[in-house]
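Coordinates in review
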Amino acid sequence: MRLNRTYKLKDIASIIHARIIGSPDQVVTGLNEIHRVEAGDIVFVDHPKYYAKALSSDATTILIDKEVECPPGKALMVSDNPFRDYNILVSWFKPAVYSAKSVSDSAKVGLNTHIMPGVYLGNDVIIGDNCIIHPNVVIYNDCIIGDNVIIHAGSIIGADAFYYQRKPDKFNKMISCGRVIIKDDVEIGALCTIDRGVSADTIIGKGTKIDNHVQVGHDTVIGERCLFAAHVGISGMVIIEDDVTLWGQVGVPSNLLIGKGAIVLGQSGLTGSLEGRKTYFGSPAIEAREKMKELVLVKGIPALIERLKKLEKGV
Amino acid sequence: MRLNRTYKLKDIASIIHARIIGSPDQVVTGLNEIHRVEAGDIVFVDHPKYYAKALSSDATTILIDKEVECPPGKALMVSDNPFRDYNILVSWFKPAVYSAKSVSDSAKVGLNTHIMPGVYLGNDVIIGDNCIIHPNVVIYNDCIIGDNVIIHAGSIIGADAFYYQRKPDKFNKMISCGRVIIKDDVEIGALCTIDRGVSADTIIGKGTKIDNHVQVGHDTVIGERCLFAAHVGISGMVIIEDDVTLWGQVGVPSNLLIGKGAIVLGQSGLTGSLEGRKTYFGSPAIEAREKMKELVLVKGIPALIERLKKLEKGV
Amino acid sequence: MRLNRTYKLKDIASIIHARIIGSPDQVVTGLNEIHRVEAGDIVFVDHPKYYAKALSSDATTILIDKEVECPPGKALMVSDNPFRDYNILVSWFKPAVYSAKSVSDSAKVGLNTHIMPGVYLGNDVIIGDNCIIHPNVVIYNDCIIGDNVIIHAGSIIGADAFYYQRKPDKFNKMISCGRVIIKDDVEIGALCTIDRGVSADTIIGKGTKIDNHVQVGHDTVIGERCLFAAHVGISGMVIIEDDVTLWGQVGVPSNLLIGKGAIVLGQSGLTGSLEGRKTYFGSPAIEAREKMKELVLVKGIPALIERLKKLEKGV
């Protein structure tokens, strides 16, 4: 999340009563979680396992639960609970204010765009020209839709990330302050969900076509001209390059990359990133021709047993 | 379903013109299907295969299609069509009256709870404090939502059970009179369905977090602090204990139990109950490490064939 | 799609400025894509691979991108872009005009049918008697619902087909002009999608019962008394005969046939048509008992390895 203007670290630290190590005048321009940080960002870390990653990331301010040595050019904010304080900062800079009207006064709708009955457009939603937003679609705050986009009935754009901090007795919700950005010429089927980013953006690339009941998780970035069939489930923080085809009911766990032009056959489940321009099948998904060989091998086991029997009998 | 007061059996039997075997003054306090019966309940049975189960259950009145010996302390109602007559009783005591207003006059909403545009709240719905019910959520009659609950846009709470009596020429619908109860601190994603119980309650335990497109069937009871990822499908009459994690697209058939702390990896499909504190994978799901071994074994078949060839050649 | 009256070919050709080969007075009564054509129809073809199929189909007018010999009794319209011109004709005869009112003035609703709050009924929708259309259901233009039908909350009937012409730089959308027809006594769960036909009808047969989150693709024809559990995904142009049971999360690709009385177990994925009156399992789906044998064979591999070791040692 970009802040509305540039802040000095001392102004930010005072909000959460954190102690500063480094320059109190360090420039702060945004907040992000670790996968998306850039210079000017605050990132938080609350486990020694991830200290090094956070300290060496592009983030220039680290909200941390221990006094450690401050890398040159960076600054630390020390807090007894960085997760809680990160959420406080998110809520401070981006309070979750929901429009009580079906179409928020701050939503902007382009020329020749049809907003059908029952549609909800949250605050600061922007929709381009020549779009059709079919009945009962819900678009949460801050989402941005391009031109010539069709969203079929009942789809939900911009719901919160499924993202929690696990504690022994409960899950703490990470407050989502990211957006969904849908580029031009995208068509989204009925009853799809595209979750907002935790702190960055979930993006659907130009010309991508999505069938019904598809889930796209938070901060996932999808390329151009992809084709996703019904019931595809894509987790958060996935990168899918251009021209990728996912057939029905394919499942994609978080943090993977699918290369340009890959084709994943129906019901496959990924367990790792996939190279582009190949066809995959299975759960776990492997190259489709390898999977087909395996299916044949299994069917061949009875013949192997017969051969083994012959050898055992000394025939 | 609890009745609104205590009845005598003779009052109930007269509604459906059933003949009583046993005391006409037998106390009746509820109706339930066989998996959930307790003392005071009527249960129905219409197949000799299930007579013994119904007669020996905790139900104290049995609606049955044959004159059989009445167990001591119980009573029978004899009917030519117990299924039809059970439905008549359900409709008698719990007529399906739907609110024509988006928010029923009898719905109760707690303090600091946001009901967003397009939400439907049926008759006698109760929602606690500090909840957010996002746009276009539908909550059918009688459902009860705790405090600090978030339900994302488009989710449907309390639709009818998928439960029919199969006849050669049609399916007879079992009328659902149960409820959905969602405990405190639950978050439900967008476009989820939590079906009402047939005659008892579907329950989501405290602090459980559910991602988008998840289905929870009738009468299923889910523990505390569970985590279900997108597209998980849970059938009716399942018991899921506390701290269970189901990853994306997992499928759980009816009448199973998943023990405390179990983890089921993505796309797995259960075929039986699962012990707690273990990790499972596959369709059918087995312990994940066993499944991984099997995958390795299949990949090893070509090497076995080579060894077999050598033996056959007498090398 | 049937046209509103009978046309002469010369009237149609003038709309798209196509050159006629054959009789300009050829009778035209409809437009259809190749899987559903009948006499009087226009069909389009834009690839030499499919010329023969189109020319020998039941369609009596072929919209084609090359001058070829005209079969006797038929006529050709030659166009540099048959796909574009087919879409122009569809839009000409069936302009996509959406009702801005929640319930279109041209929608017809039968006796004793409940249309709940938040329901959208498009133009020319017809709903029979004794139905319940639960809150926030969306029924697009032209769909026809029979008597005694229940549609649970949030389901979407008649969204566009997921059907595009793939070009190197984009997908061209095929305009859907077909309908959805739901016969008597059908129950559809919450959050289901039944897509309209591209040019013909998607049909759900009498007495079929469908659980939540089910997808039925364009032009698919489903028989009577079928039972589909939650998250079943059925593609376009599938034929499912009577009394078929598909358990949860089953996937059915396009252009297949499932025979009468077939049962497909949970999470199975079809790769071909299935004979009736058998039970199937697996992804790819095979007869369930064969699949069970395969699972046993894989578990038996370690024993095979032991036997092989013994032989190798010469024991």
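Residues numbered from 1 in each chain as written. Chains lettered and ligands numbered in written order. Predicted model: local features only at pLDDT ≥ 70, side-chain atom pairs only at ≥ 80, totals over all residues. Heavy atoms only, no water.

1. A few points about the packing of helix α1 (residues 9-16) of chain A against helix α3 (residues 82-93) of chain A
Two measures define how a pair of helices packs: the angle their axes make with one another and the distance between the axes. Residue and element names in this part refer to chain A. In the contact formed by α1 and α3, the axes pass within 9 Å of each other and the chain directions differ by 110°. Judged by the inter-axis angle, α1 sits roughly perpendicular to α3. Taken as a pair, α1 and α3 cross one another with a handedness that is right-handed. Of the residues in α3, those in contact with I12, I15 and I16 of α1 are D85, I88, L89, W92 and F93. In terms of residue class, the contact of α1 with α3 is built from 7 nonpolar, no polar and 1 charged. (Axes fitted to C-alpha atoms, helices over the stretch in contact; angles between N-to-C directions. Helix = DSSP H or I, 4+ residues; strand = E, 2+ residues; numbered from the N terminus. Parallel < 35°, antiparallel > 145°, perpendicular 65-115°, else oblique. Left-handed = near helix turned anticlockwise from the far one by under 90°. Contact = heavy atoms within 4.5 Å. Nonpolar A, V, L, I, M, F, W, Y, C, P; charged D, E, K, R; others polar.)

2. Considering the interface of chain B and chain A
Opposite the 40 residues of chain B that make contact, chain A presents 49 residues. Regarding the contact of chain B and chain A, the summed buried area is about 3400 Å², with carbon and sulfur atoms giving 66% of it. At the boundary of chain B and chain A, one finds 3 salt bridges. Two residues, E294 of chain A and K299 of chain B, come together in a salt bridge whose shortest N-O distance is 2.6 Å. On inspection of chain B and its partner chain A, the count reaches 21 residue pairs in polar contact (both at pLDDT 80 or more). Elements that contribute at least two residues to the side of chain B that touches chain A include exactly β22 (209-210), β25 (227-228), α4 (288-299) and α5 (301-313) of chain B. For the side of chain B that touches chain A, the per-class residue count stands at 22 nonpolar, 11 polar and 7 charged. (Buried area = accessible area lost by both parts, 1.4 Å probe. Salt bridge = Lys/Arg side-chain N within 4 Å of Asp/Glu carboxyl O. Polar contact = N/O pair within 3.5 Å; in protein donor to acceptor, adjacent residues only side chain to side chain.)

3. Things to note about the relation of the copies chain B and chain A
The two copies are related by a screw motion: chain B maps onto chain A through a turn of 120° and a shift of 0.0 Å along the axis, at an RMSD of 0.0 Å. These values place the two chain copies in the arrangement generated by a three-fold rotation axis. (Least-squares fit on C-alpha atoms with pLDDT ≥ 70 in both.)

4. A short note on the domain arrangement of chain A
Where interface size is quoted, it is often the accessible area lost as the parts come together. All names here are of chain A. Taken domain by domain, chain A consists of domain 1 (2-93) and domain 2 (108-288). For domain 1 versus domain 2, the distance between C-alpha centres works out to 29 Å. Each partner contributes residues to the interface: domain 1 has 12 residues there, and domain 2 has 16 residues. A buried area of about 1100 Å², summed over both sides, lies between domain 1 and domain 2, and 57% of it is on carbon and sulfur atoms. At the junction of domain 1 and domain 2, the tally comes to 0 salt bridges. Linking domain 1 to domain 2 there are 8 residue pairs in polar contact (both at pLDDT 80 or more). If you tally residues by element for the side of domain 1 that touches domain 2, the top one is α3, at 5 residues. (Domains from an automatic or database assignment.)

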